[in-house]
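Here is what each chain is made of, one letter per residue.
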Amino acid sequence: MKTAVVIVAAGRGSRAAAAAGVPKQYAHIGGVAVLTHTIRAFASHPRVDLVQVVIHPDDLTAYGQAWPMPRSPDAPGSKVLPAVTGGTTRQASGLKGLAALAAHNAASVMIHDAARPFVDPGTIDRVLDALVHASGAIPGLQVADTLKRVGDAGLISGTVDRTNLWRAQTPQAFRFADIWPAHQRAAAAGLRDFTDDAALAEWAGLGVTIVEGQEGNRKITTPEDLAMADRAIRECTSAQLHTPDVRTGTGFDVHRFAPGDHVWLGGLRIPHSAKLEGHSDADVALHALTDAILGAIGDGDIGQHFPPSDIKWKGAASRLFLEDAVRRVKARNGHIGNVDLTILCEAPRIGPHREAIRAVIAEILGIEVDRVGVKATTTEGLGFTGRREGIAAMASATVLLG
Ligand code: MG
């Protein structure tokens, strides 16, 4: 036996729609349609098996954008059934949604306003739990403000006793076997203007209970509501972004040997029987590292920022390139988490220089030495490094963007 929800989204709205140029359920908050948020709230709830959206016949295109149907029935989101079109009143649309669910063997059904995108999982749980003891359950909030009755002339004619007064919200949950015939009977009796399903259930004599609602489960009615909802979502999103935005990048470089008496490796001058050939000082290790950092922030590569065709970089110390990459990270309000470097060569031996290289790199990057890994390997005499034709280096870097 399944749990279903009917999301009533067939209204044309009025106040909010006029400002947004589209029915309010299709207005965007936080970059996506109000209705998209609402469907997600139910589709992601573990107790919900089926989501039936009821839309206006004019909104087929808008709905297709708000909720593109998955290609495979097994795809996530497939608990969302194809939308059906509604009637001229909210009640008629609710009936159409229930009719579409009739063949789906639902034990309980919630009926929810599309314009309440902030419904929380706890509220859904509470209305469903209450169905154990009642035919229906709705979330509500006790009225806290003093209520005034106002006469025709704008003068207050009385103060309403607010004891036992609640503001009704949705989702309103019912046992399907109770609400489906009740809706049919109401329609057959020519009644069509119940403003919520609890009112219809009361008319039908069903026992409907109330559970604690949520202040945040607001109905979007006015353009101000839309603007407030948009702000709330954006603030929430930016709060999530305050969890670290961790990026990783990789780099690889090769330089060939040429006659000489030293190589530059990892910012260190190391005596050797050959030098590395290149436009700059050919520090293959710092080049790979620079590319790893540039890769982590998606900012091109070393050749793009320091073209070999530019005479300015002839013989340049490669630490300049790495320092530039560090500046680019800082310009994005980021910092480097760690780097790891592997040097591939038969000679020179890197082991004796490892700690010195780590210290130089840590100093250039402005991070602790324990955030710098330097490793070396031969390639067992295989390939160009094995034939001692040159040195290769690979690197990775993590960057935390603030
Ligand atoms: Mg290079």
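Please read all numbers here as calculations on a predicted model, not as lab measurements.

**Some thoughts on the overall build of the protein**
For step 1, the next point in the chain: Summing up its helical and strand segments, the protein has 13 helices and 19 strands in all.
For step 2, the next point in the chain: A compact globule built from 402 residues would reach a C-alpha radius of gyration of about 21 Å, whereas the protein, at 33 Å, exceeds it by more than 25%.
For step 3, the next point in the chain: Projected onto the principal axes, the alpha-carbon positions of the protein cover approximately 100 × 50 × 40 Å.
For step 4, the next point in the chain: Across the 402 residues in the protein, those meeting the buried criterion constitute 46%.
For step 5, the next point in the chain: Taking all contacts inside the protein whose residues are at least 6 apart in sequence as the whole, residues at least 24 apart take part in 72%.
For step 6, the next point in the chain: Accessible surface, the protein as shown: approximately 19,800 Å² in total, 53% of it carbon and sulfur.
For step 7, the next point in the chain: Averaging the positions of the 41 positive and the 42 negative side-chain charges in the protein gives two centres separated by 2 Å.

**Some remarks on the coordination of the magnesium ion**
For step 1, the next point in the chain: Around the magnesium ion, the donor atoms from the protein are Asp253 (OD), His255 (NE2) and His287 (ND1), and they sit 2.1 to 2.2 Å away.
For step 2, the next point in the chain: Between consecutive donor residues of the magnesium ion, the sequence gaps follow D-x1-H-x31-H. You can see Asp253 sitting in strand S13 (residues 245-259) and its partner His287 sitting in helix H9 (residues 284-296), a full 34 residues away along the chain.
For step 3, the next point in the chain: With a relative accessible area of 18%, Asp253 lands in the buried category.

**A few points about the environment of Ala62**
For step 1, the next point in the chain: For Ala62, the position within the fold is in helix H3 (residues 60-66).
For step 2, the next point in the chain: A relative accessible area of 25% means that Ala62 is categorised as partly exposed.

What counts, and at which threshold
Residues numbered from 1 in each chain as written. Predicted model: local features only at pLDDT ≥ 70, side-chain atom pairs only at ≥ 80, totals over all residues. Heavy atoms only, no water. Helix = DSSP H or I, 4+ residues; strand = E, 2+ residues; numbered from the N terminus. Rg over C-alpha atoms; globule rule 2.2 N^0.38 Å. Buried < 20%, exposed > 50% of the residue type's maximum accessible area, 1.4 Å probe, protein only. Contact = heavy atoms within 4.5 Å. Areas by Shrake-Rupley, 256 points an atom, 1.4 Å probe, with all protein chains shown as cover. Lys, Arg positive; Asp, Glu negative; His and termini not counted. Charge placed at Lys NZ, Arg CZ, Asp CG, Glu CD. Donors = N, O, S within 2.8 Å, 3.2 Å for Na, K, Ca; no water.

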